[in-house]
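Remarks on the overall topology
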Amino acid sequence: MKKKILVVDDEPSISMLIEFNLKLAGYDVRCVGDGEAVFEALKPFRPDLIVLDLMLPKMDGIQVCRELRKQQNAVPIVMLTALQDVTDRIAGLDNGADDYMTKPFSPQELISRIQAIFRRIQSLPGAVPATVFDIGNLSVHAEQREVLIDGKDVELTPKEFELLLFLCRHRGKVLSRQQLLHGVWDYHFLGDTRIVDVHISHLREKIEKNARMPEYIMTVRNVGYKLHGPAMVDSSLA
């Protein structure tokens, strides 16, 4: 069966462009023009993915993301934004979006991003046998999507959790920013590595005793990041 994609944009020319290219790529597509219409379309259409503009009438993209995740709806979301500031784009990711693209964008790249998300979803079952990672006072439960520090719950955004889980699954290995983009966001091209840095910073604020002197997520000079237990600190790390 064809994958169903809901396109949410109040600019008809952009909706038509996306719809045309997605249908050409073999997807079943429906378009709506405002945030509230997303929830009206969910039950009858049952999309496998949503392409969601940030600036929308009635409910903006951030509000739509937040409400979908509040309802425990895990449908993948690719957010479109005309905003160039990385912190604005990260706001979408932190509120439940799986990916973002800035306008103007290439329809072919959008399709590539969508295909990458579907590949990642299909590869999840049984990919890694370990489901619980205990590192120092940090405990990460993959199936329950729970994180505990000293037995207390830590609230993470979906993307922060995926990043931490990826680091746990590669504990002790130095991972470049590009490897993290590939592993967590499934970017198979040169992406904006500042996304990784900002998410690492947010993670440190939540799991470290002192974010400026991290014990878990270490910066490896000129390379990337490494997750290890507090007792494993060595002089090559900063």
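Residues numbered from 1 in each chain as written. Predicted model: local features only at pLDDT ≥ 70, side-chain atom pairs only at ≥ 80, totals over all residues. Heavy atoms only, no water.

1. Describing the overall build of the protein
As a reminder, the rule being used: In DSSP terms, a helix is any run of H or I states spanning at least four residues, a strand is any run of E spanning at least two, and both are numbered starting from the N terminus. Using a 1.4 Å probe on the protein chains alone, a residue whose accessible area is under 20% of its type maximum counts as buried, one over 50% counts as exposed, and one in between counts as partly exposed. Note on definitions: a residue-residue contact is assigned when non-hydrogen atoms from the two residues lie within 4.5 Å. Using the Shrake-Rupley algorithm and a 1.4 Å probe, accessible areas are obtained, with residue cover drawn only from the displayed protein chains.
Tallying secondary structure elements over the protein gives eight helices and 12 strands in all. Here the protein holds 238 residues, and 49% of them are scored as buried. Contacts spanning at least 24 positions in sequence make up 54% of the contacts within the protein whose residues lie at least 6 apart. When the accessible area of the protein is evaluated, it comes to approximately 12,100 Å², of which 51% is carbon and sulfur surface.

2. Concerning the packing of helix H6 (residues 158-169) against helix H8 (residues 194-207)
Rule in force here: Helix axes are fitted only over the stretch in contact, all axes being lines through C-alpha atoms; the angle between N-to-C directions runs from 0 to 180 degrees. What sets the label is the angle itself: under 35 degrees gives roughly parallel, over 145 gives roughly antiparallel, 65 to 115 gives roughly perpendicular, and the rest give oblique. Think of it as three bins: nonpolar holds Ala, Val, Leu, Ile, Met, Phe, Trp, Tyr, Cys and Pro, charged holds Asp, Glu, Lys and Arg, and polar takes everything else, Gly as well.
Packing of H6 against H8 leaves a shortest axis separation of 10 Å and a crossing angle of 85°. Taken together, H6 and H8 sit at an angle that is classed as roughly perpendicular. Mapping the contact onto sequence places Lys159, Glu160, Leu163, Leu164 and Leu167 in H6 and His199, Ile200, His202, Leu203, Lys206 and Ile207 in H8. The residue makeup of the contact of H6 with H8, split by class, is six nonpolar, two polar and three charged.

3. A few points about the sheet that holds strand S6 (residues 132-135)
Just so we agree on the cut-off: Strands qualify as paired when DSSP identifies two bridges or more between them.
Strand order in the open sheet formed by four strands is S6-S7-S8-S9, and the pairing between neighbours is antiparallel. Where the open sheet ends on each side, the last strands, each with one partner, are S6 and strand S9 (152-153). Two elements, S6 and strand S7 (residues 138-141), share four bridges in a ladder whose sense is antiparallel. What sits directly across from Phe133, in S7, is Val140. Where H6 meets the sheet, it contacts S6, S7 and strand S8 (146-149), and its direction lies at approximately 105° from that of S7.

4. Describing the pairing of strand S4 (residues 77-81)
Taking burial as the measure, the five residues of S4 include five buried ones, the bulk of the element. Judged from the four bridges that link them, strand S3 (residues 49-53) and S4 form a sheet pairing that is parallel. Of the residues in S4, the one forming a bridge with Val51 is Val78. Pairing of S4 with strand S5 (residues 99-102) involves four bridges; the strand directions are parallel. Counterpart to Leu80 in the pairing with S5 is Met101.

5. Section: the pattern of salt bridges
Stated formally: By definition here, a salt bridge exists when the distance from a side-chain nitrogen of Lys or Arg to a carboxyl oxygen of Asp or Glu is within 4 Å.
If you walk through the whole model with that rule in mind, you get 11 salt bridges. Between Asp9 and Lys103 there is a salt bridge, with the nearest N and O atoms lying 3.1 Å from each other. Of this pair, Asp9 sits in the loop between strand S1 (4-8) and helix H1 (12-24) while Lys103 sits in the loop between S5 and helix H5 (107-122), placing them 94 residues apart in sequence. Owing to a relative accessible area of 14%, Lys103 belongs among the buried residues under this scheme. A salt bridge links Glu109 to Arg113, with the shortest nitrogen-to-oxygen separation between them at 2.8 Å. Here Glu109 and its partner Arg113 are both found in helix H5, four residues apart, which amounts to about one turn of the helix. Look at Arg113 and you get buried, because its relative accessible area is 9%. Each of Asp9, Glu11, Asp53 and Lys103 takes part in a single network of salt bridges with overlapping partners.

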